[in-house]
Amino acid sequence: MDNAALAEFLRARRALVRPEDVGFDDAAGDARRRVTGLRREELALLAGVSADYYVRLEQGRGHRPSESVLESLARALRLDEELTEHLYALARPAPTATRTRERVSDTVQELLDAWTTTPATVTSRRMNVVGSNALACELAPCYVPGTNLLRAVFLDPATRETHVDWNGVAADTVANFRARIGTERDDPELTGLIGELSLHSQEFRELWARHDVRTTTAGAKRFRHPELGVISLRFHAMPLEDGQVLTVLHARPGSPDEQSLALLATMIATRRRGR
């Protein structure tokens, strides 16, 4: 069991539980409350474990919790299904690391290139863009292969300008990153990336400290293009081999956004003919 990682997760998630939401109604007006979220004793009471045992868990000194204790902690912390799975993974880490592939296969790249009117990308577990098509690169510079999406979202002003709903994109990117890397702690590139972003971005530090874990498979994004204005698209994310994820963006049929994608495709074709 990774005691330190489990302790960090428990502290972070406890701070996000509002006392009034779990029956401690008098806590909202308690001027003496000096902690964010629940106190340790309150969380222990909700989970049905001794306060001393829970304190040891948060200090990284606890013994491996039983299935029933993990279930009670998940319920007390109001964790959803994916966060609960993450809690179990921290308490029962897998014996082997997940494989990471930092190169897109030729077959997948051929598929991306065949979609001339549909932006599409492939990212690795480390959130590196390992493959994309021309339309995706024209839509947003952060989709150029070789770009790390985390660095782009938090450290590149152009990426912040491109995403109309930057706050939502930033939160989803961090939560998706945690879901992808799981409990891995031994990858020096991952630890270096996290350290770099923590040093240079307060927004990343705050989101990382929440320990949100979320796999987003579908949704909507709005992009701000310098020539065509705002383009609203839907996206679907599908897992590939070795931790890679294929993300496909598309517009509503017959919408102005579909026309914008067609114009982008025409611009790319014209540019290529000119060369």
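Above this text is the structure in question.
Procedures and definitions
Residues numbered from 1 in each chain as written. Predicted model: local features only at pLDDT ≥ 70, side-chain atom pairs only at ≥ 80, totals over all residues. Heavy atoms only, no water. Core = buried A, V, L, I, M, F, W, Y, C linked by side-chain atoms within 4.5 Å. Buried < 20%, exposed > 50% of the residue type's maximum accessible area, 1.4 Å probe, protein only. Helix = DSSP H or I, 4+ residues; strand = E, 2+ residues; numbered from the N terminus. Expected span 1.5 Å × (residues − 1). Arc of directions from axis to C-beta. Phe/Tyr/Trp six-rings, centres within 6.5 Å; stacked < 30°, edge-to-face > 60°.

### Digging into the nonpolar core
Nonpolar side chains tend toward joint burial in soluble globular proteins. Formed by 37 residues in total, the largest nonpolar core has its most connected members in Tyr143, Leu150, Phe154, Phe177, Phe204 and Leu233. The dominant element in this core, judged by the number of residues it contributes, is helix α10 (residues 166–181), at six residues. Counting 27 residues, the second-largest nonpolar core is a separate cluster that includes Leu6, Tyr53, Tyr54 and Val69.

### Observations concerning unusual backbone geometry
Phi angles above zero are rare outside glycine, and Arg78 is one such case at about 60°. Mapped onto the elements, Arg78 comes out in the loop between α4 (67–76) and α5 (81–91). Looking at Arg78, the relative accessible area reads 52%, which means it is exposed. At His211, a residue that is not glycine, the phi angle is positive and equals roughly 60°.

### Observations concerning helix α13 (residues 256–274)
The end-to-end C-alpha separation of α13 is 27 Å, in line with the 27 Å expected for 19 residues at 1.5 Å each. The complete set of buried residues in α13 reads Asp257, Ser260, Leu261, Leu264, Ala265, Met267 and Ile268. Each buried residue of α13 lies within a common arc of 155° when the element is viewed along its axis, so the set occupies one face. Relative to its buried face, α13 has exposed residues pointing more than 90 degrees away, namely Pro256, Gln259, Arg273 and Gly274.

### Details of the packing of aromatic side chains
Applying the stated rule across the entire model yields five aromatic pairs. For the pair Phe154 and Trp166, a centre-to-centre distance of 5.8 Å together with 80° between the ring planes defines the contact as edge-to-face. Taken together, the residues span a long stretch of sequence, with Phe154 in helix α8 (residues 149–155) and Trp166 in helix α10 at a distance of 12 residues. Ring geometry for Phe204 against Trp208: centres 5.5 Å apart, planes inclined by 20°, an arrangement best described as stacked. On the criterion of helical spacing, the pair formed by Phe204 and Trp208 is a turn pair, its members being four residues apart in helix α12 (residues 202–210). Here the two residues Phe204 and Trp208 agree in accessibility, since each one is buried. Here a set of aromatic residues connected by ring pairs shows up, and it is made of Phe154, Trp166, Phe177, Phe204 and Trp208.

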